[in-house]
Amino acid sequence: MEPQRSPLLEVRGNIQLKRPPVKAPSRLPLPGTRFKRGPDQMEDALEPEKKRTRGLDTVTKIATSRPRAPALTTVPQTQGQTTAPKVPKKTGPRCSTAVATALKNQKPGPAAPAQKPGAAAPVLGGRKPTKRPAWDLKGQLCDLNAELKCCRERTQTLDQENQQLQDQLREAQQQAKSLGAECKTLEGELARAQAQAEQGQQELGNLRARVLELEEQLGTQQGLVQELQKEQLGLQEERRGLAARLEEQERRLQASEAALSGSQAEVASLRQEATTQAALLVEQGERLHGLEMERRRLHNQLQELKGNIRVFCRVRPVLPGEPTPPPGFLLFPSGPGGPSDPPTRLSLSRSDERRGTLSGAPAPPTRHDFSFDRVFPPGSGQDEVFEEIAMLVQSALDGYPVCIFAYGQTGSGKTFTMEGGPGGDPQLEGLIPRALRHLFSVAQELGSQGWTYSFVASYVEIYNETVRDLLATGTRKGQGGECEIRRAGPGSEELTVTNARYVPVSCEKEVEALLHLAHQNRAVARTAQNERSSRSHSVFQLQISGEHAGRGLQCGAPLSLVDLAGSERLDPGLTLGPGERERLRETQAINSSLSTLGLVIMALSNKESHVPYRNSKLTYLLQNSLGGSAKMLMFVNISPLEENVSESLNSLRFASKVNQCVIGTAQANRK
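Residues numbered from 1 in each chain as written. Predicted model: local features only at pLDDT ≥ 70, side-chain atom pairs only at ≥ 80, totals over all residues. Heavy atoms only, no water.

## Details of the overall build of the protein chain
Along its length, the protein chain carries 15 helices and 14 strands. Put simply, the protein chain has 671 residues, and 36% of those count as buried. Just so you have it, the protein chain exposes about 39800 Å², and 54% of that area is on carbon and sulfur atoms. (Helix = DSSP H or I, 4+ residues; strand = E, 2+ residues; numbered from the N terminus. Buried < 20%, exposed > 50% of the residue type's maximum accessible area, 1.4 Å probe, protein only. Areas by Shrake-Rupley, 256 points an atom, 1.4 Å probe, with all protein chains shown as cover.)

Laid out in structure tokens, this is it:
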């Protein structure tokens, strides 16, 4: 095989176009060494050649830009070089030494010497390159730039080939290392084999000595008999040891049988204890049920002591842009226990400019005092308000109908109290979302006692004695004439609204979706019919059904949360134009329904035989939530502004009349 020539020598020979060799040492790095010259240094090394090639014509550029020969070719081996033989794997301990010696003896051949300055440029095709005239500086500069580019390309090629040679040397060194490791492994195996051979020889010698010893023993019969007697004694000792172990195992077996009988007795005792615990658990369940029934009775009794008709007064805060009321306009006197007691009284002062004294000075303002079950000043939050009615809402789970009203003039905060503020702020949530969250939480707690509850929600509004479904979707939006109040069936006391949606709910998200849909429908109505939503009653009803399957108990009751329309009176000096006539009809319908509500509460308080439920769609729909088995709460919302003092007084007087009513003892709807 022809010896392999160094790629760097091949590249250098291709670049210098087979110039005659000159006896000069090669400047290329040895294999395994790092090439420390940069591109600038290579340019400096090739600078004499650039100077020699100045003045070459176009033929020289063609000659230097001709394609180079492949980088890796075979050339004759130079004197002093040795080719590293291929070393097979696993050749013995001397393989690593042979590889290292071969790599050491491989020396780079002499490189082609650089052409001396002033020497003629190589001849291409047998013709000498024409020399550019001295005045053609631009041409000479172009030639020098082309030659510089070629030199840079050659330098880059030499760098790449040098890197490849270094990689090959690195691989050869790694192979030598691996062969050295294999050689060491084979040496270790050889040493172990020699040790085993020596051990075998030693064992063979021992066996030979043993044979001689046995031959000597065979010569003496007496020694054999003595050996057999000793062996017999040993067997007897072993038999006695086995007998002792057998006795020990029998004792352990008896102890295990005794422990087993004890465990069986303990299991029987545990079973008896489990039976006792089960009976005790049943007894505790009965006791827990009795305590739950007692809690409901005491809870109902507490609500009755507070009154089956309660009235709360809430004063909204002054909104931005509204005038600040004068000092002393609204006062909240402390309770009997001092400032720590929640306020239950409200004092409102009113000045009448038409009245005066004999001296001509204006009369002092008239103060009106009112007392309610609870008064909430402007700074009271939604959580404080709901905390006061949370126990009343829970009565609906116990089977008592509950009805909560929000009464007052337009803009007094009724809708904020019932539904909450905009933006989804949890601190501004109204009574409806808070009440349903509370009911869901308590129902889940009662589920551990065997109770299961279901909730069905509906949301309607009553405008000019017309019922409209606020949960309608699709083509039924905005249609109110199709909804009528009817009894659920013949002989049934339950009332339903025909063509209205009754939606089962089980979590807060579903309730929020219903409230959002109702708000959108009211917004549509407000745009279509002149703020109709502020002039209508909205009624949110939640029908609660509970069942205790283990005891066969059932209970059901409605929870009604009502946002009444504005209670302001009609201006007597109002001119009856087309818009005012519609306003007059709205006010008359609202005042008529609110008057009917007051008459119904009075009739229930006086225990009259006839209660005028049918005089209004509102009272007829809430008939089952207003009777003697129901619990009612009215929020009277008033404005803090002095300009609304007349409407505030009317609302407070109506609420005081309701607060004086007493309805009989409520009865739970249980089966």
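## Some words on the packing of aromatic side chains
Given two aromatic rings, their pairing is described by the distance between the two centres and the angle made by the two planes. Taken as a whole and judged by the stated rule, the model has 8 aromatic pairs. Plain terms: the ring middles of Phe312 and Phe376 are 5.8 Å apart, the flat faces sit at 70° to each other, and that makes the pair edge-to-face. One end of the pair, Phe312, is in strand E1 (residues 309–315); the other, Phe376, is in strand E5 (residues 374–376), and 64 residues separate them in sequence. For the pair Phe312 and Phe376, one class covers both residues: buried. Both rings, one in Phe312 and one in Phe635, keep their centres 5.6 Å apart while their planes meet at 80°; by these two values the pair is edge-to-face. With Phe312 in strand E1 and Phe635 in strand E14 (residues 631–638), this pair connects stretches of sequence that are 323 residues apart. Three or more aromatic residues joined by ring pairs form one cluster here, namely Phe312, Phe376 and Phe635. In this structure, Lys631 packs its charged tip against the face of Tyr400, placed 4.9 Å from the ring centre. (Phe/Tyr/Trp six-rings, centres within 6.5 Å; stacked < 30°, edge-to-face > 60°. Lys NZ or Arg CZ within 6 Å of the ring centre and 35° of its normal.)

## What to know about the pairing of E14
Counting buried positions along E14 yields 8 of 8 residues, so the element is predominantly enclosed. Side chains of E14 alternate between two faces, with Lys631, Leu633, Phe635 and Asn637 and Met632, Met634, Val636 and Ile638 buried alike. In terms of strand pairing, E1 meets E14 through 7 bridges, oriented parallel. Of the residues in E14, the one forming a bridge with Ile309 is Met632. As judged from the 7 bridges shared by strand E6 (residues 402–408) and E14, these two strands associate in the parallel manner. Bridge pairing in E14 links Phe405 to Met634. (Pairing = 2+ DSSP bridges.)

## Description of the confidence of the model for the protein chain
Chain-level statistics for the protein chain give a pLDDT mean of 76 and a share of 70% at 70 or above. Looking over the protein chain, one finds the lowest element-wise mean pLDDT in helix H4 (residues 58–64), namely 38, and the highest in strand E11 (residues 503–505), namely 94. A low-confidence stretch, residues 7–11 (pLDDT under 50), is modelled with 23 contacts involving residues beyond four sequence positions or located in other chains. Within the model, the stretch residues 15–126 combines pLDDT values under 50 with 150 contacts to residues more than four positions away or in other chains. (pLDDT = per-residue confidence, 0-100. Contact = heavy atoms within 4.5 Å.)

## Looking at the pairing of strand E8 (residues 466–469)
The side chains of a regular strand alternate between both faces of the sheet. Pairing between strand E7 (residues 451–463) and E8: 4 bridges, direction antiparallel. Bridge assignment links Ile462 to a residue of E8, and that residue is Val467. Counting the residues that bridge the hairpin from E7 to E8 gives 2 residues, and of these Asn464 lies at a positive phi of roughly 50°.

## Focus on the sheet that holds strand E3 (residues 345–350)
In spatial order, the strands read E2-E3-E4; together these 3 strands make up an open sheet with antiparallel pairing. The outermost strands of the open sheet, each flanked by one partner alone, are strand E2 (330–331) and strand E4 (366–371). When E2 meets E3, the two strands line up antiparallel, connected through 2 bridges. Pairing of Leu330 across the sheet is with Leu348, part of E3.

## With respect to unusual backbone geometry
For Glu465, which is not glycine, the phi dihedral falls at a positive 60°. Relative to the assigned elements, Glu465 resides in the loop between E7 and E8. Residue class for Glu465 comes out partly exposed when judged on its relative accessible area of 29%.

## Some thoughts on the side chain of Ser458
Among the secondary structure elements, Ser458 is positioned in strand E7. Judged by relative accessible area, Ser458 falls into the buried class, the value being 6%. In contact with Ser458, other than residues within four places in its own chain, are Leu471, Arg501, Tyr502, Val539, Phe540 and Gln541.

## Quick word on the packing of helix H8 (residues 382–394) against helix H10 (residues 431–447)
Put simply, H8 and H10 touch, their axes get as near as 10 Å, and they point 50° apart. As summarised for this structure, H8 and H10 are arranged oblique, according to the angle between their axes. Note that H8 runs across H10; the crossing there is right-handed. Facing H8, whose interface residues are Gln382, Asp383, Val385, Phe386, Ile389, Ala390, Val393 and Gln394, H10 presents Leu431, Arg434, Ala435, His438, Leu439 and Val442. Tallied by class, the residues present in the contact of H8 with H10 amount to 9 nonpolar, 3 polar and 2 charged. (Axes fitted to C-alpha atoms, helices over the stretch in contact; angles between N-to-C directions. Parallel < 35°, antiparallel > 145°, perpendicular 65-115°, else oblique. Left-handed = near helix turned anticlockwise from the far one by under 90°. Nonpolar A, V, L, I, M, F, W, Y, C, P; charged D, E, K, R; others polar.)

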